Amino acid sequence: MSTAEYKPCPVCGEEIRLAARRCRHCGEVFEKLSEDRDEGDATGGVIPYKNPQALMAYYLGLFSLFPCFILGWVALYLGLQGLAAAKKNPRIKGTVHAWIGILVGGFFGLIWTLFTVLALFGSMVA
Ligand SMILES: [Zn+2]
């Protein structure tokens, strides 16, 4: 067996297997650390692939810049869903994306809805 498969235990310094979840010398448990590494993706968690609602909310939030008020409200809705999902399971991440969807989507949803209502109201008066 090559020494490359071993690392020193961060607690007691004894050699332990790289994949070890528990030090056989001092009994330190590394379960959480190695699990996080297993679940990590190539982006280092910047893009929340495991939280599609948050990701969708983010993109719809950006698209809600276009004058279509539905997009903003959908972004707001998905953002709330993504936020709830991230709260339930913090490992899937996406809180930032969800918030961008909520804030940007909610803001433009409101703006475009107001514009639409004003336009309708204006055309009724005219
Ligand atoms: Zn140890």
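Everything below is about the structure shown above.
Everything in this summary refers to the structure shown in the same document.

This part is about the packing of aromatic side chains. In the structure shown here, the tally under the stated rule is four aromatic pairs. Here Phe 107 and Phe 108 contribute two aromatic rings whose centre-to-centre distance is 5.1 Å and whose plane-to-plane angle is 85°, an arrangement assigned as edge-to-face. On the basis of relative accessible area, Phe 107 is assigned to the partly exposed category, the value being 48%. Pairwise contacts between aromatic rings join Phe 107, Phe 108, Trp 112 and Phe 115 into one cluster.

Right, let's talk about the coordination of the zinc ion for a bit. For the zinc ion, the full set of protein donor atoms is Cys 9 (SG), Cys 12 (SG), Cys 23 (SG) and Cys 26 (SG), and the range of their distances to it is 2.2 to 2.3 Å. Each of the four donor atoms around the zinc ion contributes to a set of angles spanning 105 to 114°, which defines the coordination as tetrahedral. Positions of the donor residues of the zinc ion along the chain correspond to the pattern C-x2-C-x10-C-x2-C.

Below, the discussion takes up the nonpolar core. Judged by nonpolar contacts, Cys 9, Ile 16, Ala 20, Cys 23 and Phe 30 together constitute the single largest core of five residues. Discounting chain neighbours no more than four positions away, the residues touching Cys 9 are Glu 14, Ile 16, Cys 23, Cys 26 and Phe 30.

On the surface, a cluster of nonpolar side chains totalling about 410 Å² of accessible area is made up of Tyr 59, Leu 62, Phe 63 and Phe 66. Mapped onto the elements of the fold, Phe 63 is located in helix H2 (residues 52–63). When its relative accessible area of 46% is taken as the criterion, Phe 63 is described as partly exposed.

Rules used throughout
- Residues numbered from 1 in each chain as written.
- Predicted model: local features only at pLDDT ≥ 70, side-chain atom pairs only at ≥ 80, totals over all residues.
- Heavy atoms only, no water.
- Phe/Tyr/Trp six-rings, centres within 6.5 Å; stacked < 30°, edge-to-face > 60°.
- Buried < 20%, exposed > 50% of the residue type's maximum accessible area, 1.4 Å probe, protein only.
- Donors = N, O, S within 2.8 Å, 3.2 Å for Na, K, Ca; no water.
- Tetrahedral: all angles 85-135°; square planar, octahedral: opposite > 155°, others 65-115°.
- Core = buried A, V, L, I, M, F, W, Y, C linked by side-chain atoms within 4.5 Å.
- Contact = heavy atoms within 4.5 Å.
- Patch = residues over 30% accessible without salt bridge, like charges linked within 9 Å, V, L, I, M, F, W, Y side chains within 5 Å.
- Areas by Shrake-Rupley, 256 points an atom, 1.4 Å probe, with all protein chains shown as cover.
- Salt bridge = Lys/Arg side-chain N within 4 Å of Asp/Glu carboxyl O.
- Helix = DSSP H or I, 4+ residues; strand = E, 2+ residues; numbered from the N terminus.

What is shown is where atoms sit, not what they do.
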